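# Structural overview for review
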Amino acid sequence: MKQSLTEGAIGQRLVKLTLPMVWGILAIVAFNLADTYYVGQLGTNELAAMSFTFPVVMTLGSLAMGLGIGASSIIARAIGVGDRSRVQRFTTNSLTLGVVAVALLASIGLLTIGPLFTALGANEAVLPYVRQYMEIWYFGIVFLVIPMIGNSAIRAAGDTVTPSLIMIFAAGINILLDPLLIFGVAGFPELGLAGAAWATLISRAITLTASLCVLKFKEDMLSSHFPDLEETLWCWRDILSVGLPAAGASMITPISIGIITGLLASYGSVAVAGFGIASRIESFAMIALMALSASIGPFVGQNWGAKEYGRVAEALKQSYIFCLGWGLLMAIALAIFGTQLATLFNDNGEVVRIAAVYLLFVPVTYGASGIIQVASSAFNALGKPIPAITMTALRMFVFYIPLAYLGSRIFGVAGVFVAATVSNALVGIVAFVWSGRTQKKLINCMDMVETAECN
């Protein structure tokens, strides 16, 4: 374990952190697409069943992500201070928290499959397939939560290469196992939709083993002593103080997108299809910004713990400049090639036109959206999660949804997309100003504390 991010050129450090994350995120996108493609070959009911599982899987994934963000925040700051034993205690206790969360979530999930998915709209033809998939998925939830926390701890140590390699390898295994277990290829049993669940479980089990081995033998971040109950509860409190708001912020976006989708549905299936295509293209265009926001957390945490406040300010400045530059590049590219890209997904002229309208307006504020993500990650790294969840709620509930409703009444579908553009721009400005003021305020407070201690 080394305070690797508290020294060296800031730009180079950020690039070395971000590039591996780009490939890791691409791997996750690829295996999700593969799952959808292969399950789609089974039939409409099976594909519908998997679609019904998405909100639940995304919600539990957000909770796991929140625990990972909370663990990364406190571990990175402990590394910055240079306290190895504290790092080991925090890492070990974050994993024990994950085990407790898994036991609770799996128990509740297995007992509520029927009523939950019936409430979500699954009918009698689809519900057996949902049960088939989720019973396996819930038993394997330990392989989702623990590796997510473990990989976050590894990134907190300044290593984004190893977690990305683990993600890429696991995605490759998942893509390989999907046809073998779903269709019974090469002597494997034909399991149908359950095969997709088993493929995910096996690939996630590999990430669990790999992340624990790296934490123990490469980074030496796991304690060999049985954790004390009082200390464990104290660590859990610190992790959850950041993790729960971060999980809440993660869940706001899919809920809001569901509301926007319902609003667009009033204009017909072509509007929803066009929005869906544009969103898929957008997810690829935003990968670099998502990777940067995932990387800035460990950098800010380590340097803040080491009291290298100037490096934190410079890293955020360079990150914001990159966000604006990347956003401008994507806006130009999608304005020129948006129509051609949309035709790759669908040949319906009206669907393509709607997607192209989205890709003309919204990418103009990708830079602002990136600033929001980076600022939120920085706030979480500082142990200040409230601004992050506030900005997400402000963006979605205060601006986007009300403006989308109003815009749709005046300008139709295009009004919804203009609302997204305006909300990104407004909250991007808020994120920029808020992060700058928070840094100055925290630095002044810490200087006052140190002066008092010296006196």
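Structural notes, computed from the coordinates. Only a predicted model underlies this, so the values are computations on that prediction, with no experimental measurement involved. (Residues numbered from 1 in each chain as written. Predicted model: local features only at pLDDT ≥ 70, side-chain atom pairs only at ≥ 80, totals over all residues. Heavy atoms only, no water.)

### A few points about the overall build of the protein
The criterion, for reference: Helix and strand definitions here come from DSSP, where helices need a minimum of 4 consecutive H or I residues and strands a minimum of 2 consecutive E residues; each element is numbered from the N-terminal end. What the globule rule says is 2.2 Å times the number of residues to the power 0.38, and the radius of gyration is computed from C-alpha atoms. Exposure is judged per residue with a 1.4 Å probe applied to protein chains only, and the accessible area is read against the type maximum: over 50% gives exposed, under 20% gives buried, and values in between give partly exposed. All accessibility values rest on the Shrake-Rupley procedure with a 1.4 Å probe; residue burial counts only the protein chains present in the view. Charge assignment: positive for Lys and Arg, negative for Asp and Glu; neither His nor the chain ends contribute. We put the charge of a Lys on NZ, of an Arg on CZ, of an Asp on CG and of a Glu on CD.
Helix and strand counts for the protein come out as 16 helices and zero strands. Taken over C-alpha atoms, the radius of gyration comes to 22 Å for the protein, in line with the 23 Å a tight globule of 455 residues would show. Principal axes of the C-alpha set define a box for the protein whose edges measure 70 × 55 × 35 Å. Classification of the 455 residues of the protein by burial places 51% in the buried group. Summed over all atoms, the accessible surface of the protein reaches about 19900 Å², with 69% contributed by carbon and sulfur. A gap of 8 Å separates the mean positions of the 24 positive and 23 negative side-chain charges of the protein.

### Focus on helix α12 (residues 309-343)
Selection rule: Expected span of a helix: the number of residues minus one, times 1.5 Å. Here the bend at a residue means the angle between the axes of two seven-residue stretches, the one that ends at it and the one that starts at it.
The end-to-end C-alpha separation of α12 is 48 Å, in line with the 51 Å expected for 35 residues at 1.5 Å each. Taken as a whole, α12 carries its principal kink of about 65° at Phe337.

### Some remarks on helix α11 (residues 287-305)
Look at α11: 28 Å from first C-alpha to last across 19 residues, which is about the 27 Å you get at 1.5 Å a residue. Of all 19 residues making up α11, 17 are buried, and the element is well covered by its neighbours. In the stretch just after α11, Lys307 is the one whose phi turns positive, near 65°.

### Concerning the packing of aromatic side chains
Counted only if it meets this: We call Phe, Tyr and Trp rings a pair once their centres come within 6.5 Å, taking the six-membered ring for Trp, and we label the pair stacked below 30 degrees between planes, edge-to-face above 60, and tilted otherwise.
Inspection of the entire model under this criterion finds ten aromatic pairs. Here the aromatic rings of Trp137 and Tyr138 are separated by 5.9 Å at their centres, their planes lie at 75°, and the arrangement is edge-to-face. Classification of Tyr138 as buried rests on a relative accessible area of 3%. For the ring pair Tyr358 and Phe417, a centre distance of 5.0 Å and an interplane angle of 80° mean the geometry is edge-to-face. Here Tyr358 is found in helix α13 (residues 349-361), whereas its partner Phe417 is found in helix α16 (residues 413-454), with 59 residues between them in sequence. Neither residue differs from the other here; Tyr358 and Phe417 are each classed as buried. Cluster of aromatic residues (ring-pair linked, three or more members): Phe275, Tyr358 and Phe417.

### Regarding the side chain of Arg155
Keep this limit in mind: By salt bridge we mean one thing: a side-chain nitrogen of Lys or Arg within 4 Å of a carboxyl oxygen of Asp or Glu. Two residues form a contact once any of their heavy atoms are found within 4.5 Å.
When you line up the elements, Arg155 lands in helix α6 (residues 142-156). Buried within the structure, Arg155 lacks any salt-bridge partner; its nearest side chain of opposite charge belongs to Asp159, at an N-O separation of 9.2 Å. Beyond its immediate sequence surroundings of up to four residues, Arg155 is in contact with Met21, Thr160, Pro163 and Pro298.

### Remarks on unusual backbone geometry
Even without a glycine there, the phi angle at Ala186 is positive, about 60°. Tracing the chain through its elements places Ala186 in the loop between α7 (161-183) and α8 (193-218). Note on Ala186: relative accessible area 67%, which makes it exposed. Unusually for a residue other than glycine, Lys307 sits at a positive phi of about 65°.

### What to know about the pattern of salt bridges
Evaluation of the coordinates by the stated rule reveals five salt bridges. A salt bridge links Arg84 to Asp220; its shortest N-O distance comes to 3.4 Å. Of this pair, Arg84 sits in helix α3 (residues 84-111) while Asp220 is found in the loop between α8 and α9 (229-265), placing the two residues 136 residues apart along the sequence. Arg84 sits in the partly exposed class, given a relative accessible area of 32%.

### Digging into the packing of α6 against α7
Short version of the rule: The axes are straight lines fitted to the C-alpha atoms, using for helices just the contacting stretch, and the angles between their N-to-C directions are given from 0 to 180°. An angle counts as roughly parallel when it lies under 35 degrees, as roughly antiparallel when it exceeds 145, as roughly perpendicular when it falls between 65 and 115, and as oblique in every other case. Three classes are used: nonpolar for Ala, Val, Leu, Ile, Met, Phe, Trp, Tyr, Cys and Pro, charged for Asp, Glu, Lys and Arg, and polar for all others, with Gly counted as polar.
The interhelical angle for the contact between α6 and α7, taken along N-to-C directions, is 150°, at an axis separation of 8 Å. When the interaxial angle is binned, α6 and α7 end up roughly antiparallel. On α7, the residues that touch Asn151, Ile154 and Arg155 of α6 are Thr162, Pro163 and Ile166. In terms of residue class, the contact of α6 with α7 is built from three nonpolar, two polar and one charged.

### Overview of the side chain of Thr200
When you line up the elements, Thr200 lands in helix α8. Contact partners of Thr200, with chain neighbours within four places excluded, come to Asp35, Tyr133 and Asn174.

Nothing here speaks to function; it is geometry throughout.
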